[in-house]
Amino acid sequence: MKPETLFDQVYEAYGPSLYRFCLLHMKNPSDAEDVMQEVFCKRLYRAPKFRSPEHERNWLFQVARNQCRDELRRMRRTELPLEAAEHVSIPPAQLSLLEQASNLPEDQRTALHLYYYEGYQVEEIARLLNISVSSVKMRLKRGRDALREEWRDEV
């Protein structure tokens, strides 16, 4: 298969969800796009053979997570400029949640995003992040508790 065709197929299947994931971590649309570019380059030129679409999806999210971490170590960003992300097709209620979730620690933010936005099951997240199921459950609980507390303070 030609690289252009492969890119189009992979981007159509996973692009929007990977972009949301990268935006949540990078807190800047252009940085999220840069990370996405790296992820798709790795997919085109350095990816293993995939057993299934689910294997490919998991691999892409792992690469995106690692790429975001590497980039953040270099950049140390702290704010998500949501007005710059208005072109992203996320409903306003989810955008507010995305903003609040961006203030959580990275481990909680990642677990919440994979569970609620990407539809991963707890066991899948554990495998993807290479942690135990109980650790995933704890990160989800702590993240939900932190968001609940933040909402309580706003009301």
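Residues numbered from 1 in each chain as written. Predicted model: local features only at pLDDT ≥ 70, side-chain atom pairs only at ≥ 80, totals over all residues. Heavy atoms only, no water.

Trainee: What should I look at first to understand the pattern of salt bridges in this one?
Mentor: Once their charged atoms are close, side chains differing in charge can pair, the charge on each being opposite to the other. With the rule as written, the count across this model stands at ten salt bridges. Across the pair R57 and E118 runs a salt bridge, and its minimum N-O distance is 3.9 Å. Here the residue R57 occupies a position in helix α3 (residues 53-75), and E118 occupies one in the loop between α5 (106-117) and α6 (122-129), the gap between them amounting to 61 residues. In this structure, R57 and E118 share a single accessibility class: buried. (Salt bridge = Lys/Arg side-chain N within 4 Å of Asp/Glu carboxyl O. Helix = DSSP H or I, 4+ residues; strand = E, 2+ residues; numbered from the N terminus. Buried < 20%, exposed > 50% of the residue type's maximum accessible area, 1.4 Å probe, protein only.)

Trainee: Would you mind showing me how to read the nonpolar core here?
Mentor: Membership of the largest hydrophobic core comes to 36 residues, with the highest contact counts inside it found for L18, C22, V39, L60, F61 and L114. Mapped onto this core, the elements with two or more residues apiece are α1 (3-26), α2 (29-46), α3, α5, α6 and α7 (133-154). Top contributing element to this core by residue count: α1, with ten residues. Those residues in contact with V39 that sit more than four places away from it in its chain are L18, L60, V63, A64 and Q67. (Core = buried A, V, L, I, M, F, W, Y, C linked by side-chain atoms within 4.5 Å. Contact = heavy atoms within 4.5 Å.)

Trainee: Is there a simple way to explain the packing of α1 against α3 in this structure?
Mentor: Packed helix pairs are specified by the crossing angle of their axes together with the interaxial distance, meaning the distance between the axes. For the pair α1 and α3, interaxial distance at closest approach is 10 Å and the crossing angle is 30°. Read as a crossing pair, α1 and α3 show a hand that is right-handed. Within the contact between the two elements, α1 uses V10, Y14, S17, L18, F21, C22, H25 and M26 and α3 uses P53, E56, R57, L60, F61, A64, R65, C68, E71, L72 and M75. A breakdown of the residues in the contact of α1 with α3 according to their chemical character gives 13 nonpolar, two polar and four charged. (Axes fitted to C-alpha atoms, helices over the stretch in contact; angles between N-to-C directions. Left-handed = near helix turned anticlockwise from the far one by under 90°. Nonpolar A, V, L, I, M, F, W, Y, C, P; charged D, E, K, R; others polar.)

Trainee: Can you walk me through the packing of aromatic side chains in this structure?
Mentor: Two aromatic rings are characterised by how far apart their centres lie and by the angle between their planes. Scanning the entire structure with this criterion turns up seven aromatic pairs. Ring geometry for F7 and F40: centres 5.6 Å apart, planes at 70°, overall edge-to-face. Of this pair, F7 sits in helix α1 while F40 sits in helix α2, and the two are 33 residues apart along the sequence. Residue F40 is classed as buried on the basis of its relative accessible area, which comes to 3%. On the basis of an interplanar angle of 85° and a centroid distance of 5.2 Å, the ring pair of F21 and F61 is categorised as edge-to-face. Separated by 40 residues along the polypeptide, F21 in helix α1 and F61 in helix α3 bring together distant segments of the chain. Note on accessibility: F21 and F61 belong to one class, buried. Residue placement shows R57 over the ring face of Y120; its charged tip is 4.2 Å from the ring centre. (Phe/Tyr/Trp six-rings, centres within 6.5 Å; stacked < 30°, edge-to-face > 60°. Lys NZ or Arg CZ within 6 Å of the ring centre and 35° of its normal.)

Trainee: Help me understand α1 in this model?
Mentor: Along an α-helix, residues three or four apart share an orientation, since each turn contains 3.6 residues. For α1, which comprises 24 residues, the first-to-last C-alpha distance of 27 Å sits more than 12% below the rise-based estimate of 34 Å (1.5 Å per residue). Remark: the principal bend of α1, roughly 60°, maps to Y14, with a proline, P16, within the next four residues. K27 occupies a position one or two residues after α1 and carries a positive phi of about 65°. (Expected span 1.5 Å × (residues − 1). Bend = angle between axes of the 7 residues up to and from the residue.)

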